[in-house]
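So the chains spell out like this:
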Amino acid sequence: MCHPFYFHNPALHLHSHAHPARAASGASPRQRCRGFESGPGGSRCPLAVPRCPPVSPGVPSLSPRCPPAMLRDEDTEADFQRFLRRVDDVTNLLQGLSSPDSAVREKAIAETEKKLQEQGGSREEEEEESRTTLNRTLINTSGSARAEAVDAALKEQGNEAFRAGDFALAIQRYSQGLEKLRDKQELYTNRAQAYLKLHEYEKAISDCEWALKCNKNCLKAYFLMGKAHLALQRFPECRQCYEKMLQIDPQKENLFKDCVNEARLEEKRVRDEERAEREAQAGSVAASSIQELLQRISSPGQDILYYTGGIRLLAEAVHSCTGQTFFRTNNGFSILRNETVRGAFCAESKSPAEVELCVSLLLLFQAACAGNEENQRLLLAQPEVSAQLAELLSSGTAQLQRETLALISLYSEHETGRRLLLRQDLSRWLQILMAFVKSTDARADSAMNILSDLIGEERFQTQCRAMFSTGVLPLFTQLLVCARQVNQAALARAVGVLGSLCADVGLRAQLARSRECWQACLQLLDGCPDASSPGYQLCVFAVLGLMMNLLLESNGTIQDLAVPISGRCLALLSHQDGRIVTRSIGVLSRVLPASPSAVEEVVRAGVVKKMLKFLKAGGQLTCSYAIKTLSICTKSSRRAQEELLKWDKRLQVLLKLLEAGDELLVGNAAFCLSQCLLLPGAASALLGSSVVQLLLRQAGGDAHRTSVQQNSAIALGRLCVAEPRHIQQLRKLNGLAILNSSMKYLPSS
């Protein structure tokens, strides 16, 4: 919440320009803002009453601390009588403005306006007008809906002008509003924003300071003041403003990082250009060479090979940080204004000579932008470049694609560069970059690196939706079907990218509904014998992970294909790669709930025995998938219950899991045990074991999850119902109360 306070921060430079709203009266900032300050929610709260409170013009203070002078003659007596009448007038006005009768209030407002207009032009009268204005603000904020309405209308007119790009008119409207109500924080910050648009940075700073006098916690004021200081290259003051924003609202950390990063880049640009200027003045050979080459390349009417050679030489000259700065300060990016150069770069169908020139340009851009964020920004600001990147990637010319990928990689490998890329239209990029999976050279790996860099960006995910169903999904399905003919390592990474996109619920739902996608995944799993290549096994591992993500959805396609999906996964349980085995069990644990038929098929194929094997020897992740699979099978299949008891007569595997530290393992083990206890003889087989103690511990509250407590209580109840001799052990452990409470779960189970 915001708290009222008179702003003063010695760390920030507060400018003392005359404020437009107080120019007529000459009142100081403190005088103008001392009456009311913004409180929580933007309301105005009165400050503490000063010792000699300001009163209406011409009215001496009647405070005991400030007694009036003695009356010495008739003129003074007459003045005093006039003063008393004016006191009465002001008192009547105040009463009228506070009246519940709207007609009385309107009349009082009109009288107040009339008296305000009668104020004269002497210095004493100006000071009196200052106090009148202050009291007028007090009156307006306490009793006048009319002034607020006028202020709101002017503010909206200013906002409309701002949106229309008429910043001068916006400033005029905001200023008119401030003449009515001078402590409106929003009008100061809005006017400051308009001043920024007109590059009047000092005025913007002044308005921000006034906004902060009204509300010390005004984030917008600090933000705009930081922008103004940045434009004036006052970097310490700029950072102080942004740090103040973060202090006021720690949740604005992302905005703070963006602002600080912008300031850092601007300061680096200034320092680099200052250093380059010093070297140029000292007669730097690099500076003169770059300048001469740019002049030659900009000259029109030359042969295309002439420009190609000049651009190659220029690329070699700008390899250093100072060279990059010389390139920028000599308008190097305007090279595309040359008609021949621009024509070759933008041509849809390029001749060999045009291809060579484009490759030279791409090499020059790489040299100019490597590690130079300001040059990267300026390059993408060139309309021809931002428009041609996607075209160059899909050109089909290997050399152009290779150098374009190298240029884009300079951006994608760091956060600032990715933000610059994401300002472009990247809706086609997922499809274009994924198509490089068909390449057998380094282009495939470069494309997947860029995709991996971009896929975590929310804006990129949003842009991917545009062509996902019409472009990306058909291409992806085709790549899966042709897995043996493409770059398998790149395909595995592409599958991983699609898996990451499943974090977007909408894209995941589209993918999960695609029967063609599921069938392509199954076809890829079909071709995975143990002797398959390492690259193909990477694809299988990635596809299994994608399937696990898609199985977070529930739809008719998954239900229809649950039997073949579970069958493929069951076949992979004998694979030599343990990672593939673990993911296969994970897919089983997610697909089996979709289809009772799939459960019957896998039980018939021996899934229970296989899961017991993995529970005995597998790692924690494998065990968590295996016990969940067993839980699903034993819930709906009596045969699964019988199989479990057959292969683990004393249920030792489940008892061991009840001692695990992972509550998911414990809960599913208790659930499986409760299902098996429905079989005759199962409870008797547990006599002499520690089952009562283990279940009692979980049901009695050791487990934090309610579901674990319930599963354990149900198993305990069934155990004692099926074999009463377990009650003796329960009685020894003082667990009858827990058993009694557990009985309520039995009917619902």
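Residues numbered from 1 in each chain as written. Predicted model: local features only at pLDDT ≥ 70, side-chain atom pairs only at ≥ 80, totals over all residues. Heavy atoms only, no water.

Per an unreviewed UniProt entry, the chain carries the name Protein unc-45 homolog B and comes from Ficedula albicollis.

Novice: Describe in detail the overall build of the chain, supporting the description with residues and values.
Specialist: Looking only at helices and strands, the chain features 40 helices and 2 strands. Split into buried and exposed, the 749 residues of the chain put 49% on the buried side. Partitioning the intrachain contacts of the chain with sequence separation of at least 6 by distance along the chain shows that 69% fall at a separation of at least 24. For the chain, the exposed surface amounts to about 35400 Å²; the carbon and sulfur share of it is 50%. (Helix = DSSP H or I, 4+ residues; strand = E, 2+ residues; numbered from the N terminus. Buried < 20%, exposed > 50% of the residue type's maximum accessible area, 1.4 Å probe, protein only. Contact = heavy atoms within 4.5 Å. Areas by Shrake-Rupley, 256 points an atom, 1.4 Å probe, with all protein chains shown as cover.)

Novice: Before we move on, could you go through the pattern of salt bridges and cite the residues and values that matter?
Specialist: Taken as a whole and judged by the stated rule, the model has 34 salt bridges. Residue Glu267 pairs with Arg271 through a salt bridge whose shortest N-O separation is 3.3 Å. Of this pair, Glu267 and Arg271 both sit in helix H11 (residues 253-281), separated by 4 residues, roughly a single helical turn. Owing to a relative accessible area of 19%, Glu267 belongs among the buried residues under this scheme. Glu292 serves as the salt-bridge partner of Arg296, at 2.8 Å between the closest nitrogen and oxygen. Residue Arg296 and its partner Glu292 are located together in helix H12 (residues 285-298), separated by 4 residues, close to a single helical turn. Accessibility expressed as a relative area gives 46% for Arg296, which makes it partly exposed. Residues participating in the shared-partner salt-bridge network are Arg239, Glu267, Arg271 and Glu274. (Salt bridge = Lys/Arg side-chain N within 4 Å of Asp/Glu carboxyl O.)

Novice: Which residues make up unusual backbone geometry, and what values go with them?
Specialist: Although it is not a glycine, His199 adopts a positive phi angle of roughly 65°. Within the secondary structure layout, His199 lies in the loop between helix H7 (185-197) and helix H8 (201-214).

Novice: Describe the UniProt feature "repeat: TPR" (unreviewed entry) in the chain, with residues and values.
Specialist: Taking the numbering used here, the UniProt-annotated feature "repeat: TPR" (unreviewed entry) corresponds to residues 219-252. For the annotated span residues 219-252, helix accounts for 79% and strand for 0% of the residues, and the straight-line distance between the end C-alpha atoms is 10 Å. (UniProt positions renumbered as here; feature names shortened; annotations may be inferred.)

Novice: Now, about the nonpolar core: what can you tell me, with residues and values included?
Specialist: Judged by nonpolar contacts, the single largest core of 168 residues is most densely connected at Leu314, Leu361, Trp429, Leu430, Phe460 and Leu491. Both domain 2 (284-424) and domain 3 (426-553) contribute no fewer than three residues apiece to this core. Beyond its immediate stretch of four places on either side in the chain, Leu430 contacts Leu451, Phe460, Cys464, Phe468, Val472, Val497 and Leu501. Within the second largest apolar cluster, 37 residues are counted, among which are Tyr174, Cys218, Tyr222 and Val270. (Core = buried A, V, L, I, M, F, W, Y, C linked by side-chain atoms within 4.5 Å. Domains from an automatic or database assignment.)

Novice: Help me get a handle on the environment of Cys321, residues and values and all.
Specialist: Turning to its location among the elements, Cys321 is positioned in helix H14 (residues 321-329). Look at Cys321 and you get partly exposed, because its relative accessible area is 32%. The residues touching Cys321, leaving out its near neighbours within four places in the chain, are Lys268, Asp272 and Arg275.

Novice: Lay out the packing of aromatic side chains with the relevant residues and their values.
Specialist: All told, the structure shown has 5 aromatic pairs when counted by the stated rule. Aromatic pair Phe345 and Phe365: ring centres 6.4 Å apart, planes at 90°, arrangement edge-to-face. Within this pair, whereas Phe345 is found in helix H15 (residues 339-346), its partner Phe365 is found in helix H16 (residues 352-369), the two being separated by 20 residues in sequence. Here Phe345 falls in the buried class, since its relative accessible area comes to 1%. Under the relative-accessibility criterion, Phe365 is labelled buried at 1%. (Phe/Tyr/Trp six-rings, centres within 6.5 Å; stacked < 30°, edge-to-face > 60°.)

Novice: Explain the side chain of Asn190 residue by residue, including any values.
Specialist: Structurally, Asn190 can be placed in helix H7. Not counting residues within four places of it along the chain, the set of residues in contact with Asn190 comprises Lys155, Asn159, Tyr174 and Lys220.

Novice: Lay out a positive patch on the surface in plain terms, naming residues and giving numbers.
Specialist: A cluster of basic residues, Lys609, Lys610, Lys613, Arg639, Lys646 and Lys649, forms a positive patch on the protein surface. For the positive patch, the secondary structure elements donating two or more residues are helix H32 (607-617) and helix H34 (638-647). Looking at where Arg639 falls in the secondary structure, it is placed in helix H34. Given the relative accessible area of 40%, Arg639 is considered partly exposed. (Patch = residues over 30% accessible without salt bridge, like charges linked within 9 Å, V, L, I, M, F, W, Y side chains within 5 Å. Lys, Arg positive; Asp, Glu negative; His and termini not counted. Charge placed at Lys NZ, Arg CZ, Asp CG, Glu CD.)

Novice: Please give an account of helix H24 (residues 468-481) that cites residues and values.
Specialist: Its 14 residues place the ends of H24 18 Å apart at the C-alpha level, agreeing with the 20 Å of an ideal helix rising 1.5 Å per residue. Within H24, the full set of buried residues consists of Phe468, Gly471, Val472, Leu473, Leu475, Phe476, Thr477, Leu479 and Leu480. Where H24 is buried, its residues contact helix H21 (429-434), helix H23 (458-464), helix H25 (488-501), helix H26 (505-513), helix H27 (515-526) and helix H28 (534-550). (Expected span 1.5 Å × (residues − 1).)

Novice: Which residues make up the state of the cysteines, and what values do they have?
Specialist: Working definition: the covalent bond between the sulfur atoms of two cysteines is a disulfide. Going through the model one piece at a time under the given rule, you end up with 0 disulfides. Cys517 supplies the cysteine sulfur nearest to Cys521, a cysteine that is in no disulfide, at a spacing of 4.4 Å. On the basis of relative accessible area, Cys521 is assigned to the buried category, the value being 0%. (Disulfide = S-S within 2.5 Å.)

Novice: So what's going on with the packing of H8 against helix H9 (residues 219-231)? Which residues, and what values?
Specialist: Where H8 meets H9, the axes come as close as 9 Å, and the angle between the chain directions of the two elements is 155°. Put simply, H8 runs roughly antiparallel to H9. Once H8 is placed against H9, the crossing between them reads as left-handed. Here Tyr201, Ala204, Ile205, Cys208, Glu209, Ala211 and Leu212 of H8 lie close against H9, whose contacting residues are Ala221, Tyr222, Leu224, Met225, Ala228, His229 and Ala231. Of the residues belonging to the contact of H8 with H9, the class tally is 12 nonpolar, 1 polar and 1 charged. (Axes fitted to C-alpha atoms, helices over the stretch in contact; angles between N-to-C directions. Parallel < 35°, antiparallel > 145°, perpendicular 65-115°, else oblique. Left-handed = near helix turned anticlockwise from the far one by under 90°. Nonpolar A, V, L, I, M, F, W, Y, C, P; charged D, E, K, R; others polar.)

Novice: Tell me about helix H36 (residues 663-676), residues and numbers included.
Specialist: Counted at 1.5 Å a residue, the expected span for H36 with its 14 residues is 20 Å, and the 20 Å between its end C-alpha atoms agrees. Burial analysis of H36 places 11 of its 14 residues in the buried class, which makes it a mostly covered element. Taken together, the buried positions of H36 are Glu663, Leu665, Val666, Gly667, Ala669, Ala670, Cys672, Leu673, Ser674, Gln675 and Cys676. Residue Asp662 occupies the N-cap position of H36, its side-chain oxygen lying 2.9 Å from the main-chain nitrogen of Leu664. (Polar contact = N/O pair within 3.5 Å; in protein donor to acceptor, adjacent residues only side chain to side chain.)

Novice: I'd love a proper account of the environment of Ile408, names of residues and values included.
Specialist: Looking at the element boundaries, Ile408 is found in helix H19 (residues 398-412). For the pair formed by Ile408 and Leu389, sequence separation is 19 residues and the distance between their alpha carbons is 8.5 Å. With residues near it in sequence (within four places) discarded, Ile408 still touches Leu393, Leu421, Trp429 and Ile450.

Novice: Please give an account of the confidence of the model for the chain that cites residues and values.
Specialist: Looking at the chain as a whole, its pLDDT mean stands at 81, while 78% of the residues score no less than 70. Overall, residues 1-77 carries pLDDT values under 50, and its contacts beyond four positions in sequence, including any with other chains, amount to 130 contacts. Low pLDDT, under 50, characterises residues 119-143; the stretch is placed with 44 contacts to residues that sit more than four places away or in other chains. (pLDDT = per-residue confidence, 0-100.)

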